[in-house]
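# Geometric and topological summary
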Amino acid sequence: MATRLISSGVGIVIGVLVMIFSDTIVLNLAIALICVGMLHELFHAEGCDRYKTFVYMCYTLVALIPILLYQKFSYLQLIFPVCMVFVFLIFATYIFKHKELNLDRLIFMIGCCGFVSFPMCCMIFIKNLDAQLGTIYMVIALCSAWLADSGAYFVGTFCGKHKLCPEISPKKTVEGFIGGLISNGILLCVFVLVYSKFFAPTDLTVNYVSTFIMGIITGAIGTVGDLTASLIKRQCNIKDFGKIMPGHGGILDRFDSVLFVVPFVFLYLNYIGIFSR
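What you are looking at is a predicted structure, and each value in this text was computed from that prediction instead of being measured.

### Focus on the layout of surface pockets
- Of the pockets and cavities examined, the second largest pocket occupies roughly 230 Å³.
- Considering the residues around the second largest pocket, the lining is formed by 14 residues, among which Ile-65, Cys-83, Gly-114, Ser-117 and Phe-118 are closest to the centre.
- Counting residues per element, the ones that place at least two in the lining of the second largest pocket are α3 (52-68), α4 (79-97) and α5 (103-127).
- Counted by class, the lining of the second largest pocket contains twelve nonpolar, two polar and no charged residues.

### Overview of the packing of aromatic side chains
- Under the defined criterion, the tally for this structure stands at nine aromatic pairs.
- Ring geometry for Phe-125 against Phe-266: centres 5.7 Å apart, planes inclined by 45°, an arrangement best described as tilted. Here the residue Phe-125 occupies a position in helix α5, and Phe-266 occupies one in helix α9 (residues 251-271), the gap between them amounting to 141 residues.
- Take Phe-125: its relative accessible area is 26%, and that puts it in the partly exposed class.
- Aromatic side chains Phe-264 and Tyr-268 sit 5.7 Å apart centroid to centroid with 45° between the ring planes, which places their arrangement in the tilted category.

### A short note on the pairing of strand β2 (residues 169-173)
- Sheet topology note: the strand β1 (residues 163-165)/β2 ladder contains two bridges and is antiparallel. By the bridge assignment, Lys-163 is partnered in β2 with Thr-173.
- Remark: three residues form the turn of the hairpin made by β1 and β2, two consecutive strands paired antiparallel.

### Focus: a nonpolar patch on the surface
- Residues Ile-178, Ile-182, Ile-186, Val-190, Val-194, Phe-198, Phe-199 and Phe-212 make up a contiguous nonpolar surface patch of roughly 760 Å² in combined accessible area.
- Considering each element in turn, the nonpolar patch owes the most residues, six residues, to helix α7 (residues 174-198).
- Position of Ile-178 among the secondary structure elements: in helix α7.
- Judged by relative accessible area, which is 44%, Ile-178 ranks as partly exposed.

Calculation notes
- Residues numbered from 1 in each chain as written.
- Predicted model: local features only at pLDDT ≥ 70, side-chain atom pairs only at ≥ 80, totals over all residues.
- Heavy atoms only, no water.
- 1 Å grid on protein atoms, 1.4 Å probe; cavity = no way out; pocket = protein on both sides within 12 Å on 5 of 7 lines; lining within 4 Å.
- Points joined across faces, edges and corners; volume = space filled by probe spheres on them.
- Helix = DSSP H or I, 4+ residues; strand = E, 2+ residues; numbered from the N terminus.
- Nonpolar A, V, L, I, M, F, W, Y, C, P; charged D, E, K, R; others polar.
- Phe/Tyr/Trp six-rings, centres within 6.5 Å; stacked < 30°, edge-to-face > 60°.
- Buried < 20%, exposed > 50% of the residue type's maximum accessible area, 1.4 Å probe, protein only.
- Pairing = 2+ DSSP bridges.
- Patch = residues over 30% accessible without salt bridge, like charges linked within 9 Å, V, L, I, M, F, W, Y side chains within 5 Å.
- Areas by Shrake-Rupley, 256 points an atom, 1.4 Å probe, with all protein chains shown as cover.
- Salt bridge = Lys/Arg side-chain N within 4 Å of Asp/Glu carboxyl O.

Encoded structure:
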């Protein structure tokens, strides 16, 4: 437990520093590193990390995309052409190295690039939604992914009786799942309440009903992400994706629900919203 708490503390400090400097390229570099880290863990879990040429090409692609999204570069229009060029180069290389790996492995590696880079880049899109609220939007997106898991753990520990998906995650219960959804909505409302009272611009109004609904939905989406990661680990016969975060596992063990929640939060904030002026 002590190791887990220390690891969490270090992660929080790093996260706060990234948020403080989120108006600079630090945010984009941090997301690039996270994408490369998660991609490495997926490749290692599936045994694809031995295909060095393709691995490094994939690393380069997922690292380059967040950097191209840096506002001062304004290279958003280059994202699609860059992706197409890399896919072309990967398949051109495969022509000469087709004996090294099967096509299904290659498609898996390319798919993983999109699986980790697109959702994480949505964090940058969330940041750019509003000049004043962009940073707090990112914090809300992360809280939407992580708070439900904590609520589900405590409710499931004391009230859990019916297994949710015993073959995939034996410890998850239906009661914990429901408790996680409700607690996620409530905690998000409390968070935005504190923010609006002490830190937000004076002309900001909070829609608590919309916030609660977003918390319920993201809690469900995050659970799907968590179960998906658990299923991958079971099929790959591993306990954790990595060891970079002692007590927690790998980067993907912490960001599995984030990958599913963040794109939805971007769409929700963009089209529905929880704040108004």
